[in-house]
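Listed below, chain by chain, are the residues.
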Amino acid sequence: MLTIYNPATGTHITQVPADDAASVAAKFQAARAAQPAWAATPMPQRLACVARFRAAVVAELEALAATMTAETGKPISMSRNELNGLLGRIDFFLAEAAASTATQTVLAEGGMTEQIQHIPLGVVANISAWNYPWFVGCNVILPALLTGNAVLYKPSEFATLTGMAIVRLLHAAGVPADVLALCVGGGEVGAALQAQRIDGLFFTGSYATGAKIAQALGPRMVKLQLELGGKDPTYVCDDANPATAAASLADGAMYNTGQSCCSVERIYVHEKVFDAFVAAFVDTVHGFKVGDPMDDSTYIGAITRAAQLEVLDAQVADAVAKGAQLLTGGTRLPGNTFAPTVLVDVDHSMDLMREESFGPVIGIQKVASDAEAVALMNDTRYGLTAGVFTPDEARARALLAQVNAGSVYWNCCDRVSPRLPWSGHGDSGVGLTLSTYGIQTFTRPKAWHLRQA
Ligand code: NAD
């Protein structure tokens with residue numbers, strides 16, 4: 001059995017039956033047997049299942065948000081936002097799945113035809129994270145199903161009730177039970193899943209787990225996608241409006257209690273606007289309400305995994321020991337919460353500026369030039385997102401062109417679009433989700449060479 005706790009209150013919510021190696025193997029065999037018929041199901045029918053799923057999410061939105069908040073500690077307003085944001089992603093997949101995987105004729109000449117056909121990978125596994133469980137689950141499950149794959153889905157052990165809801169609603173919408181199977185449990189169930197003869201593994205989670213999975217799958221030639229963490233930087237130029245930039249970046253750093261893969265994790269500010277920026281940033285942070293995640297007005301909720309509180313404690317202590325100045329926060333609060341924390345006089349000798357914090361903690365470093373900012377932004381093993389604040393588009397484009405990141409932002413941050421590919425450079429991962437590429441990634445391009453006799 002897997003016990004589900006409420007991280008904000010510590011109370012036990014429920015227990016659910018967990019999988020083991022034998023049940024995962026049985027689900028894999030059933031998925032393998034069911035996949036060809038699903039792949040042969042006409043696209044309009046698969047699209048209709050996903051459209052019914054969308055309607056069910058709308059109908060149950062309030063209850064689904066409450067479940068996600070109870071098991072993750074995400075503020076309830078942000079749970080609603082995630083579910084509403086999901087609808088736009090579903091609409092994108094519904095609009096693009098058929099066109100982006102239609103067979104393409106690339107030559108038809110002198111009796112010779114060449115075509116590219118997108119065939120499903122087969123049976124794919126989705127091992128998922130808890131921080132945006134609807135987003136990261138559905139970014140894989142929906143395009144994988146729409147392109148004719150069977151999916152074995154292991155939600156995070158910290159968002160299992162949400163994972164169960166995703167599967168329940170897709171089954172009710174017409175996806176056959178064996179085509180989408182839920183695997184419940186922690187790392188050992190993920191390891192059992194990756195041991196099956198799957199055709200693709202799509203993972204969202206930490207670098208540490210991603211690296212273990214990559215090592216295990218390396219010799220097996222299984223398609224592998226890893227969406228991992230980041231240490232996402234933003235640079236505020238000398239011509240930026242410090243108050244506007246501070247309001248946007250405080251939200252980018254602390255939204256979802258800082259537990260977003262694309263949270264702003266480090267800020268570099270030109271010395272000309274540094275003081276004004278920091279004052280406005282701290283002011284904004286003081287306005288963030290910390291408290292009960294079920295309260296509509298709460299902005300900072302619980303830290304979902306209690307162990308992360310130790311990481312935050314250690315990063316703050318290490319930074320302060322090395323000379324950082326703590327402007328606000330720095331301590332744990334009741335309800336598995338960490339006070340929104342701002343540090344200045346920081347540098348890259350500190351873990352705070354190098355390792356993912358995944359909490360409401362930010363370091364703000366003063367820089368003297370654009371060149372220094374770019375060098376610091378690139379001084380990382382990660383490369384998920386990066387941003388620049390300046391009114392000058394040409395300057396922003398020139399700076400962002402030099403930054404090693406999968407997504408770059410001008411005057412915005414902490415933003416994901418279904419129309420754009422979501423990918424990481426370096427230790428932030430391999431492969432991508434979203435955009436039409438994130439639909440095609442669940443297929444193999446099969447090359448047809450056809451000569452008329
Ligand atoms: P995690 O690595 O602890 O767990 C992720 C999943 O892996 C869970 O389902 C877990 O049960 C499973 N797992 C653990 N050990 C395993 C093993 N040995 N074999 C197979 N599976 C195993 O990560 P988390 O705490 O759930 O998520 C937080 C991390 O995810 C952060 O680093 C965050 O940046 C990252 N993230 C990245 C993206 C992205 O799109 N790049 C999105 C969301 C979260």
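Structure report, in brief. Note that residues are indexed from 1 along each chain, following the sequence as it is written. Local features in this predicted model are restricted to residues whose pLDDT is 70 or higher, and side-chain atom pairs enter the listing and the counts only when it is 80 or higher, whereas totals over whole chains, interfaces and linings include all residues. Calculated side-chain values reflect all of the structure's heavy atoms, with hydrogen atoms and water omitted.

1. Observations concerning the sheet that holds strand β4 (residues 112–120)
We apply this condition: We treat two strands as partners when DSSP finds at least two bridges between them. By the criteria applied, helices consist of DSSP H or I runs no shorter than four residues and strands consist of E runs no shorter than two, each listed in order from the N terminus. Note on geometry: axes are C-alpha line fits, over the in-contact stretch for helices, and angles between N-to-C directions span 0 to 180 degrees.
If you walk across this open sheet you meet the three strands as β3-β4-β24, and the pairing is antiparallel. What marks the edges here is a single partner per strand, and that holds for β3 (104–109) and β24 (443–451). In this sheet, adjacent strand axes meet at a mean angle of 20° when their direction is disregarded. The pairing of β4 with β24 spans nine bridges and is classified as antiparallel. Among the inter-strand pairings, Q115 is bridged to a residue of β24, identified as W448.

2. Here we look at the pattern of salt bridges
Using the following cut-off: Between Lys or Arg on one side and Asp or Glu on the other, a salt bridge is scored when a side-chain nitrogen of the former is within 4 Å of a carboxyl oxygen of the latter. Each residue's exposure class comes from its accessible area (1.4 Å probe, protein chains only) as a fraction of the maximum for that residue type: buried when under 20%, exposed when over 50%, partly exposed otherwise.
One pass over the full model with this rule turns up 20 salt bridges. Its salt-bridge partner being K74, residue E82 comes within 2.9 Å of it at the nearest N-O pair. Classification of E82 by relative accessible area gives buried; the value is 1%. Where D370 meets R395, a salt bridge forms, and the shortest distance between an N and an O atom there is 2.9 Å. Within this pair, whereas D370 is found in helix α12 (residues 370–377), its partner R395 is found in helix α13 (residues 393–401), the two being separated by 25 residues in sequence. You can call D370 partly exposed: its relative accessible area is 23%.

3. Some points on the nonpolar core
Burial of nonpolar side chains together is a common tendency in soluble globular proteins. As a reminder of what qualifies: Joining through side-chain atoms within 4.5 Å is the link that ties buried Ala, Val, Leu, Ile, Met, Phe, Trp, Tyr and Cys residues into a set, and such a set is a nonpolar core. Per the annotation, domain bounds derive from an automatic or database assignment of domains. Throughout, a contact is declared for two residues whenever any of their heavy atoms are within 4.5 Å.
In this structure, F53, W134, V236, I267, F277, F281 and I364 are the most contacted members of the largest nonpolar core, which totals 87 residues. Here this core spans two domains, and each of domain 1 (2–227 + 426–451) and domain 2 (232–410) adds at least three residues to it. With residues up to four places along the chain from it excluded, the contact list for F281 reads A246, L249, A250, A253, I267, V342, I362 and I364. Counting 28 residues, the second-largest nonpolar core is a separate cluster that includes V361, V374, V388 and A396.

4. Details of the site of the ligand
The line we're drawing: We call a residue near a given molecule or strand whenever any one of its heavy atoms falls within 4 Å of it. Nitrogen and oxygen atoms within 3.5 Å of one another constitute a polar contact, given that in protein one can donate a hydrogen and the other can accept it, and given that sequence-neighbouring residues count only through two side-chain atoms. Methods summary: accessible areas were calculated by the Shrake-Rupley approach with a probe of 1.4 Å, and residue burial reflects only the protein chains presented. When residues are sorted by character, Ala, Val, Leu, Ile, Met, Phe, Trp, Tyr, Cys and Pro go into the nonpolar class, Asp, Glu, Lys and Arg into the charged class, and all the rest, Gly among them, into the polar class.
Lining the immediate surroundings of the ligand are 29 residues, of which S128, E157, S206, T209 and E356 lie closest. In this structure, W130 approaches the ligand through a side-chain N or O atom, which is 2.9 Å from an oxygen atom. Within the side chain of S206, one N or O atom sits 2.6 Å away from an oxygen atom of the ligand. Considering the ligand on its own, with 860 Å² of exposed area, one finds that the protein chains cover 89% of that surface. Broken down by secondary-structure element, the contributors of at least two residues to the shell around the ligand are α7 (187–194), β8 (200–204) and α8 (207–217). Per-element accounting of the shell around the ligand gives the leading share, four residues, to α7. Of the residues assigned to the shell around the ligand, the class counts are twelve nonpolar, twelve polar and five charged. Summarising the domain contributions, the shell around the ligand has at least three residues from each of domain 1 (2–227 + 426–451) and domain 2 (232–410).

5. Some thoughts on unusual backbone geometry
For residues that are not glycine, phi is negative in most cases, and the peptide bond is trans in most cases. Positive phi, normally seen in glycine, also occurs at L434, with a value near 65°. Here L434 falls in the buried class, since its relative accessible area comes to 0%. With a phi close to 65°, S435 is a non-glycine residue in the positive phi region. Relative to the helices and strands, S435 is located in the loop between β23 (432–433) and α14 (437–440).

6. Quick look at the packing of helix α9 (residues 242–254) against helix α10 (residues 274–286)
Put simply, the test is: Each angle gets one of four labels, with under 35 degrees taken as roughly parallel, over 145 as roughly antiparallel, 65 to 115 as roughly perpendicular, and the rest as oblique. Handedness of a helix crossing follows the sense of rotation of the near helix relative to the far helix, less than a right angle counterclockwise being left-handed and clockwise being right-handed.
One way to put it is that α9 packs onto α10 with a least axis distance of 8 Å and a crossing angle of 45°. Our classification of the angle between α9 and α10 gives oblique. Judged by the sense of rotation from one axis to the other, the crossing of α9 with α10 is right-handed. Across from P242, A243, A245, A246, A247, L249, A250, A253 and M254 in α9, the residues of α10 making contact are A276, F277, A280, F281, T284 and V285. For the contact of α9 with α10, a count of residues per class yields 14 nonpolar, one polar and no charged.

Everything listed here is a matter of coordinates, which is why it stays silent on function.
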